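As a plain string of letters, each chain reads:
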Amino acid sequence: MEFDIAVLGGDGIGPEVTQQSVKVLKSVEGLFGHRFNIKEGDVGGASIDKHGTPVKAEVLDVAASADAVLFGAVGGPKWDDPSASMRPEEAILQLRAHLGVFANIRPVKVYPWLADSSVLKPSVTKDVDLVVIRELTGGLYYALPKGRTDTPQGLSAVDTMRYSEVEINRILRVGFELARSRQKKLASVDKANVLECSRLWRFLATQMSEDYPDVQLEHVLVDSCAMLLIQQPNRYDVIVAGNTFGDILSDEAAVLASSMGLLPSASLSDVPVAGRRIPGFYEPIHGTAPDIAGKGIANPIGSILSMAMMLRYSLSLTEEAASVERAVDRVLQDGYRTADVAVGGATTSTAEMGDQVVAALGSAG
Ligand code: IPM
Ligand code: MG
């Protein structure tokens with residue numbers, strides 16, 4: 001089969017890790033007889049430097065017309081001046097809004113062979129297998145009014161948290177559906193003891209649970225969830241949260257897997273259903289890591305696994321996706337470690353990690 005894939009590497013380690021995913025994708029192409037037409041574009045700081053904007057309209061269009069988008073990361077100290085008129089992060093916020101990818105899916109799986117790499121006790125992280133679903137195109141990130149004003153009393157700033165019933169229901173639906181396909185446990189995160197948006201969220205979650213009698217729904221306050229996620233991560237199967245809470249909890253959940261460098265994400269514009277192709281946006285959950293950029297030591301696994309999610313959700317290539325995931329598993333099991341997960345001993349470079357995944361993919365057929 002033939003697919004158009006937009007590849008947007010971005011800044012810092014973004015292009016380095018994305019290059020490895022493309023390498024693995026090319027290997028999938030050869031092994032399974034598909035054709036992936038790669039369309040590259042500038043985003044983030046790289047685009048600000050070249051074109052004076054974090055993302056050109058043309059790149060938004062390339063992304064929207066592709067079957068899927070493989071994204072790296074954007075941002076960095078060079079563009080961090082708080083008084084700058086534009087920020088690299090606007091690229092990602094504009095892409096999410098433009099593509100309408102409201103459902104961000106962040107699976108967290110703990111590999112038994114990486115138990116020693118974690119700062120947490122293996123007894124706590126053992127068998128963790130959960131998914132954080134984050135609402136991605138609403139809430140505090142986008143609602144208006146937003147901005148800074150100068151008042152006689154001094155500077156004042158405002159961000160608005162607003163959620164409509166439609167926005168909440170569609171993300172809850174993704175949560176219930178995914179829970180139904182897994183362990184049938186859904187934790188809905190809110191701050192209903194304080195926030196009006198959260199009270200609406202909780203009301204709608206309770207209402208929707210009537211359609212899913214087989215799914216066990218639990219409401220959990222975000223502060224309590226932050227604690228329980230580290231203390232007893234195994235109690236969770238699927239967690240669904242709004243934009244801001246999901247942003248925070250998904251970074252926290254990444255610690256369970258020992259390194260952010262390992263974790264993938266998919267952002268979709270519809271409820272994923274087996275066998276149905278949904279255009280989507282795929283990115284590792286880590287950022288640009290400017291401190292290690294250009295050194296060839298970044299972990300490409302988060303990006304490679306994001307590419308595997310792309311094969312599954314946007315291209316309906318289930319067997320190919322599973323093969324990539326098994327290859328990553330094999331490489332980690334065989335002891336290859338980038339610096340972020342190495343515990344003493346030799347480390348594997350970014351490019352070599354990609355090569356090892358390609359080799360494992362080839363040898364497994
Ligand atoms: C993420 C990031 C982004 C976000 C930033 C880079 C705008 O933290 O994808 O989690 O806050 O959504
Ligand atoms: Mg984040």
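Along each chain, residue indices are assigned from 1 in the same order as the chain's sequence is written. Key to labels: chains lettered from A, ligands numbered from 1, both in the order written. Thresholds applied to this predicted model are a pLDDT of at least 70 for local features of residues and 80 or more for the giving and counting of side-chain atom pairs; totals over whole chains, interfaces and linings are not thresholded and use all residues. Values shown for side chains rest on all heavy atoms present in the structure; no hydrogens or waters enter the calculation.

Moving on, we get to the pattern of salt bridges. Just to be clear on terms, a salt bridge is a Lys or Arg side-chain nitrogen sitting within 4 Å of an Asp or Glu carboxyl oxygen. For the coordinates displayed, the defined rule picks out 26 salt bridges. The closest approach of N and O atoms between Glu-58 and Lys-56, which form a salt bridge, is 3.8 Å. Here the term buried applies to any residue with accessible area under 20% of the maximum for its type, exposed to any over 50%, and partly exposed to those in between, with areas from a 1.4 Å probe on protein chains only. Looking at Glu-58, the relative accessible area reads 53%, which means it is exposed. Residue Arg-87 is joined to Glu-89 by a salt bridge in which the shortest nitrogen-to-oxygen separation is 3.2 Å.

Bringing empty space enclosed by the protein into the picture now. Residues are said to line a cavity or pocket when one of their atoms sits within 4 Å of a point; the points come from a 1 Å grid over protein atoms alone, cavities being sets where a 1.4 Å probe fits but cannot get out and pockets being open sets with protein on both sides within 12 Å along at least five of seven lines. Grid points are joined across faces, edges and corners, and a volume is the space filled by probe spheres set on the points. Summed over the entire model, instances satisfying the criterion amount to 1 cavity of 30 Å³ or more. Looking at the largest cavity, its volume works out to about 100 Å³. Met-161, Tyr-163, Ser-198, Gly-242 and Phe-245 are, among the 13 residues lining the largest cavity, the residues nearest its centre. Classification used: nonpolar for Ala, Val, Leu, Ile, Met, Phe, Trp, Tyr, Cys and Pro, charged for Asp, Glu, Lys and Arg, polar for all others including Gly. Per-class residue counts for the lining of the largest cavity are 7 nonpolar, 5 polar and 1 charged.

This part is about the environment of Val-358. On the secondary structure map, Val-358 appears in helix H12 (residues 350-364). Using a relative accessible area of 23% as the deciding quantity, one classes Val-358 as partly exposed. Expressed as a C-alpha distance, the spacing of Val-358 and Val-324, which sit 34 residues apart in the sequence, is 8.6 Å. By definition in these notes, contact holds between two residues if any of their heavy atoms fall within 4.5 Å. Residue contacts for Val-358: discarding those within four places in its chain leaves Lys-23, Val-24 and Ser-27. Segments assigned H or I by DSSP are reported as helices when at least four residues long, segments assigned E as strands when at least two residues long, and all are numbered from the N terminus.

As a further point, take the site of ligand 1. Every residue lining ligand 1 is accounted for by Glu-89, Arg-96, Arg-106, Arg-134, Tyr-141 and Asp-247. The term polar contact refers here to a pair of N or O atoms within 3.5 Å; inside protein, the definition further demands a hydrogen-donor-capable atom paired with an acceptor-capable atom, and it admits residues adjacent in sequence only when both atoms are side-chain atoms. Separating an oxygen atom of ligand 1 from a side-chain N or O atom of Arg-106 is a distance of 3.0 Å. In this scheme, a molecule is assigned to a cavity or pocket if more than half of its atoms are within 2 Å of the grid points. Assessed atom by atom at 2 Å from the grid points, ligand 1 resides in the second largest pocket. Each residue belonging to the shell around ligand 1 can be placed in one class, and the counts come to 1 nonpolar, no polar and 5 charged. Delimitation of the domains relies on an automatic or database domain assignment. Here the shell around ligand 1 spans two domains, since at least three of its residues come from each of domain 1 (1-110 + 264-365) and domain 2 (119-257). For this purpose, a residue is taken to be near a molecule or strand whenever a single non-hydrogen atom of the residue falls within 4 Å of it.

Splitting the chain by domain gives domain 1 (1-110 + 264-365) and domain 2 (119-257). Using only C-alpha atoms to locate each centre, domain 1 and domain 2 end up separated by 24 Å. Counting residues at the interface gives 18 residues for domain 1 and 25 residues for domain 2. Connecting domain 1 to domain 2 are 0 salt bridges. For the interface between domain 1 and domain 2, the tally reads 7 residue pairs in polar contact (both at pLDDT 80 or more). Within the residue set of the side of domain 1 that touches domain 2, elements represented by two or more residues are helix H4 (89-99) and strand S4 (103-109). Sorting elements by how many residues they give to the side of domain 1 that touches domain 2 places S4 first, with 7 residues. Among the residues making up the side of domain 1 that touches domain 2, the classes are represented as 12 nonpolar, 3 polar and 3 charged.

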